[in-house]
Amino acid sequence: MMNVNFSSNWHIVCSSFYFGRFTLLLDSGADATRVDDRQRTSFFIAAENGYDQVVKLLLDWDKERFAKLYPKVEYREAVRSYIKGRKTGSNDPSDAVPIVEIEGEAYTSPLVAAVKNGHEHVVEILLAEGADANSVNAADRGPLFYACENGHTSLAKRLVESEADVTHKDQDDSSPLSTAAAAGHFKVVQLLIQELFDSDSHTNKIRSSESFPIKAARIDDPDHLGRTPLWWAAVN
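A brief report on the enclosed structure follows. (Residues numbered from 1 in each chain as written. Predicted model: local features only at pLDDT ≥ 70, side-chain atom pairs only at ≥ 80, totals over all residues. Heavy atoms only, no water.)

## Describing the pattern of salt bridges
This structure, assessed with the given rule, holds 13 salt bridges. A salt bridge links Asp132 to Lys87, with the nearest nitrogen and oxygen atoms 3.0 Å apart. Taken as a pair, Asp132 in the loop between helix 7 (120–128) and helix 8 (143–149) and Lys87 in helix 5 (residues 75–88) lie far apart in primary sequence, 45 residues in all. In this structure, Asp170 and Arg141 form a salt bridge, with 2.8 Å as the shortest nitrogen-oxygen distance. One end of the pair, Asp170, is in the loop between helix 9 (153–161) and helix 10 (176–183); the other, Arg141, is in the loop between helix 7 and helix 8, and 29 residues separate them in sequence. With a relative accessible area of 3%, Asp170 lands in the buried category. (Salt bridge = Lys/Arg side-chain N within 4 Å of Asp/Glu carboxyl O. Helix = DSSP H or I, 4+ residues; strand = E, 2+ residues; numbered from the N terminus. Buried < 20%, exposed > 50% of the residue type's maximum accessible area, 1.4 Å probe, protein only.)

Below is the structure:
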């Protein structure tokens, strides 16, 4: 179980990006899996704020941690194995959780936090290490929703390339497409329509996977208010 430490300056140092002090803390044996009162690790805060150097430093720390725990397993494979176990409910509570998948409050992943704030370099690092492009928070929204909501076209494209599910619906029955249309982000809308029309094999691959249940969201599907992506496009 992760040890909560509310009084440590560990997260303050990360937020302020004092890289030298941060490195010193790590070298002194600080535990980077500790969380603050919002359930955020230092890695989460670094990802959320776009501190790519800290993200890389903590990834190196975590790779060393996992190499000691599971010497025959590559880090990316350990991350993917954890994600699969989380979705199938087969993870053991005593298993080590990769730092890239330790969620903050409201089940928000570091990847979601980075995407929300448009930190492309951090997103690329996380995806390269196997972070889950389909992780969802308490609102049943994954990284792609926030890329669509905030008009981050390049991030939306990168997430789609990483097999983010363009057909997933959140708790309000909104899809990434309706989210982009509601926010008036035409380029993202174009990207998603192209993906929906031209990548049937990709969608089928997602649908046949062992991931969480997916509710189909097509171009004319309404949200919980009966509003379709076309309706949102018309008012924007």
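After presenting the structure, the write-up continues.
## What about the packing of helix 7 against helix 9?
Relative to each other, helix 7 and helix 9 sit at 5 degrees, their axes nearing to 11 Å. Taken as axis vectors, helix 7 and helix 9 run roughly parallel relative to one another. In this structure, helix 7 contributes Glu120, Val123, Glu124 and Leu127 to the contact, and helix 9 contributes Ser154, Leu155, Arg158 and Leu159. Looking at the contact of helix 7 with helix 9, its residues break down into four nonpolar, one polar and three charged. (Axes fitted to C-alpha atoms, helices over the stretch in contact; angles between N-to-C directions. Parallel < 35°, antiparallel > 145°, perpendicular 65-115°, else oblique. Contact = heavy atoms within 4.5 Å. Nonpolar A, V, L, I, M, F, W, Y, C, P; charged D, E, K, R; others polar.)

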